Amino acid sequence: MTDLIQMIVSGIATGSSYALMGLAMVIIYKTSEVPNFAQGEMALISSFFAMMLLTSFNLNVYLAFSLAFLFAAVLGCFLEFAVLRRAKEPNVLGMIVITIGIEMVILGVVSWKFGAEQKTMPFPIDPYDSLFIGDIFLKKLDILTLVSALGLMVVLFMFFRFSKLGLAMKATQQNSVAARIVGVRTNRILMVTWGISSLVGAVAGLLISPTIMHPYMMWDPMLKGFAAAVMGGMTSLPGAVVAAYMLGIIENLFGGYISIEFKTVVAFVIIVAVLCFKPSGLFARHYVKKV
Amino acid sequence: MAGLLDVKNIETYYDLVYAIRGASFSVEEGSITAILGNNGAGKSTILKTVMGLIEDQPDKGSIEFDGVPIQHQDTDAIVRKGIAYVPEGREIFKELTVHEHLLMGAYTRKDRSGIKEDIETVFQYFPVLRARVNQWAGTLSGGEQQMLAIGRALMLKPRLLILDEPSLGLSPILVREIFAIIKEINKSGTTILLVEQNANMALSISSTGLILENGRFVMKGRSEDLREDKDVKEFYLGIKSETSAKGYQRWKRKKAWR
Ligand SMILES: Nc1ncnc2c1ncn2[C@@H]1O[C@H](COP(=O)(O)OP(=O)(O)OP(=O)(O)O)[C@@H](O)[C@H]1O
Ligand SMILES: [Mg+2]
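Model, not experiment: these values are computed from the prediction. (Residues numbered from 1 in each chain as written. Chains lettered and ligands numbered in written order. Predicted model: local features only at pLDDT ≥ 70, side-chain atom pairs only at ≥ 80, totals over all residues. Heavy atoms only, no water.)

1. Let's talk about the overall build of chain A
- Secondary structure assignment for chain A yields eleven helices and two strands.
- Going from the N terminus to the C terminus, chain A shows its helices and strands as α-α-α-α-β-β-α-α-α-α-α-α-α.
- Taking 19 Å as the expected radius of gyration for a compact globule of 291 residues, we find that chain A reaches 19 Å, a close match to that expectation.
- Seen through its principal axes, chain A has C-alpha atoms that stretch 60 × 50 × 35 Å.
- Out of the 291 residues belonging to chain A, those deemed buried represent 49%.
- Sequence-distant contacts in chain A: of pairs separated by 6 or more residues, those separated by 24 or more amount to 74%.
- Here chain A has roughly 13400 Å² of accessible surface; of this, 71% comes from carbon and sulfur atoms. (Helix = DSSP H or I, 4+ residues; strand = E, 2+ residues; numbered from the N terminus. Rg over C-alpha atoms; globule rule 2.2 N^0.38 Å. Buried < 20%, exposed > 50% of the residue type's maximum accessible area, 1.4 Å probe, protein only. Contact = heavy atoms within 4.5 Å. Areas by Shrake-Rupley, 256 points an atom, 1.4 Å probe, with all protein chains shown as cover.)

2. Considering the overall build of chain B
- Scanning chain B from N- to C-terminus turns up eleven helices and ten strands.
- Burial statistics for chain B: of 258 residues in total, 54% are counted as buried.
- If you take every contact in chain B between residues at least 6 apart in sequence, the share linking residues at least 24 apart comes to 65%.

3. Brief notes about the coordination of the magnesium ion (ligand 2)
Residues and elements named next belong to chain B.
- Taken together, S44 (OG), E88 (OE) and E88 (OE) make up the full set of protein donors to the magnesium ion (ligand 2), lying 1.9 to 2.8 Å away. Residue S44 is located in helix α1 (residues 43-50), and its partner E88 is located in the loop between β6 (83-86) and α3 (98-105); the two are separated by 44 residues in the primary sequence.
- By relative accessible area, S44 is classed as buried at 12%.
- For E88, a relative accessible area of 35% translates into the label partly exposed. (Donors = N, O, S within 2.8 Å, 3.2 Å for Na, K, Ca; no water.)

4. A word on a nonpolar patch on the surface
- Together, L63, L67, L70 and V74 of chain A make up an exposed nonpolar region whose accessible area comes to about 340 Å².
- Summarising the element assignment, V74 of chain A is placed in helix α3 (residues 61-82). (Patch = residues over 30% accessible without salt bridge, like charges linked within 9 Å, V, L, I, M, F, W, Y side chains within 5 Å. Salt bridge = Lys/Arg side-chain N within 4 Å of Asp/Glu carboxyl O.)

5. A word on the confidence of the model for chain B
Residue and element names in this part refer to chain B.
- On average, residues of chain B carry a pLDDT of 84, and 89% of them reach 70 or more.
- With pLDDT under 50 throughout, residues 247-258 is counted as low confidence; its partners more than four residues away or in other chains account for 18 contacts.
- This complex was scored by the predictor with a pTM of 0.80 and an ipTM of 0.83. (pLDDT = per-residue confidence, 0-100.)

6. Here we look at the site of ligand 1
Residue and element names in this part refer to chain B.
- Around ligand 1 sit 13 residues, and of these K43, S44, T45, E88 and Q197 come closest.
- If you tally residues by element for the shell around ligand 1, the top one is α1, at three residues.
- In terms of residue class, the shell around ligand 1 is built from three nonpolar, seven polar and three charged. (Near = heavy atom within 4 Å. Nonpolar A, V, L, I, M, F, W, Y, C, P; charged D, E, K, R; others polar.)

7. A few points about a positive patch on the surface
- Together, K164 of chain A together with K110, R112 and K116 of chain B line one region of the surface with positive charge.
- Residue placement: R112 of chain B occurs in helix α4 (residues 112-125).
- Looking at R112 of chain B, the relative accessible area reads 74%, which means it is exposed. (Lys, Arg positive; Asp, Glu negative; His and termini not counted. Charge placed at Lys NZ, Arg CZ, Asp CG, Glu CD.)

8. Things to note about helix α6 (residues 142-154) of chain B
- For α6 of chain B, which comprises 13 residues, the first-to-last C-alpha distance of 19 Å matches the rise-based estimate of 18 Å (1.5 Å per residue) to within 8%.
- Restricting attention to buried positions, one finds in α6 of chain B the residues G143, E144, Q145, Q146, M147, L148, A149, I150, G151, R152, A153 and L154 of chain B. (Expected span 1.5 Å × (residues − 1).)

9. Considerations on the interface of chain B and chain A
- Between chain B and chain A, the residue contacts involve 26 residues of the former and 22 residues of the latter.
- A combined buried area of about 2400 Å² lies between chain B and chain A, and 59% of that area is made up of carbon and sulfur atoms.
- Interface area lost by chain B to chain A is led by F93, E95 and Y107 of chain B, which between them contribute 25%.
- Counting across the chain B and chain A interface gives two salt bridges.
- D76 of chain B is paired through a salt bridge with R185 of chain A; the nearest N and O atoms lie 3.4 Å apart.
- The interface formed by chain B and chain A contains nine residue pairs in polar contact (both at pLDDT 80 or more).
- Contributions of two or more residues to the side of chain B that touches chain A are made by α2 (75-80) and α3 of chain B.
- Along the lines of polarity and charge, the residues of the side of chain B that touches chain A split into eleven nonpolar, six polar and nine charged. (Buried area = accessible area lost by both parts, 1.4 Å probe. Polar contact = N/O pair within 3.5 Å; in protein donor to acceptor, adjacent residues only side chain to side chain.)

Following this line, the structure appears as structure tokens:
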């Protein structure tokens, strides 16, 4: 029994970083209908940027992290402005290829600049520092990640639901010509979206890096976050988060009881199943076009 | 004789398609001006060119709003000058509610209390919208969507309202209603530029009519004169004058327009 609860708790912990990556992907998808495969690497370089500030410039952790968030936001805006916007007559497929290209470039830069060996980020909370509730242990860092994921979900949800900018973002995604003719600077909206999304991804990266840091550290969270976003319907923030936790838990239980080797594959079996039975995602609330 | 909108000799290409071939017209402040023409004449293209929606166009010519050149500006900058546009085929946001549409229509405005009042005004013009206020626009009927598109444009409090075929796909009663509302909007001080297939209706509410063929204007005049014009009657109002013995006279007259 304790085993089971412990596995679920650990599943929730891994689910939190999937949730953050899933949120980041949903934000971009919501406005531009592009799954951004560079999401993980954008978080990666932001984390290494923080690391550089900490080790080479001896900055205080809080300052370094704040600057890393700023860096992430600017990076997102920059990529949209300098790369994606340059695509003439963009289509989704072309955009996906561009994001994969960005991913490879960033991965190359990080590997070259920081090397491939594993590191850990100095962080105020020790990654193995745990709380015990009965026989169940909770890592303090995981609690922080959980709180960040849920907190960001709520903030973003409110932002899209109630703010003028959030409304303009939804409008731009649904019909960019119509958005332009009511006076929305759609280019700027896309740029801001990329900035916000990159920032959310960086939160995931920075919370993973105290435990482990190497150029491929974001692969698994990014792919699982993408899987969660797809399961959640790709445009639903709470949907992505709930799906991320489901993935984290199921994956952990599978690893514990059935096969540790195939643990990560489970996520994709689940996606295939979801896509077969409910292609619009588990939580999509989409208007279906009347024929 | 500068009008509110002055378009001089514009030429517009879609890549290699030469769609507008040197068109000039002017919309007087306070007027309703109607552009008529057959399918593919280039009516929508002219409006899109004015709104800056076709990249890098117009290729030649100038567009002035209130004496200030606006060609080659971004659409949002043109909108901010006070030009609202209801495109052909509505272009609504399918998953935004009616209320959210009206808020988006006022996107460039800052005056909150004014926005509230104007939402009320739109509901007075189109009471159905009030009943659907929290419904997603994609679930409205075609006619309701058209009203929503016009309502959204009104939320800008435009000086010039541009409408592309507002009667498209509407029942005859609704067409009459929409035209009555357009007339009312004009009376309340908004200048209107209208593109229509329904020439009869358009000429009955407009003061000036323009006829476009193959990317050029072939006739301009007071709407009441156009309504009496033999060719306009025959080709746009569907009223046949005496049938000529041979078909060639009709051909010749059309030719002379270009
Ligand atoms: N995106 C486009 N790319 C290429 N050619 C286009 C494009 N849009 C319109 N055209 C061409 O430009 C010409 C004018 O089209 P436009 O839509 O302005 O006609 P219209 O007068 O509005 O017709 P309708 O009454 O049917 O709406 C047509 O020959 C059309 O084929
Ligand atoms: Mg048209």
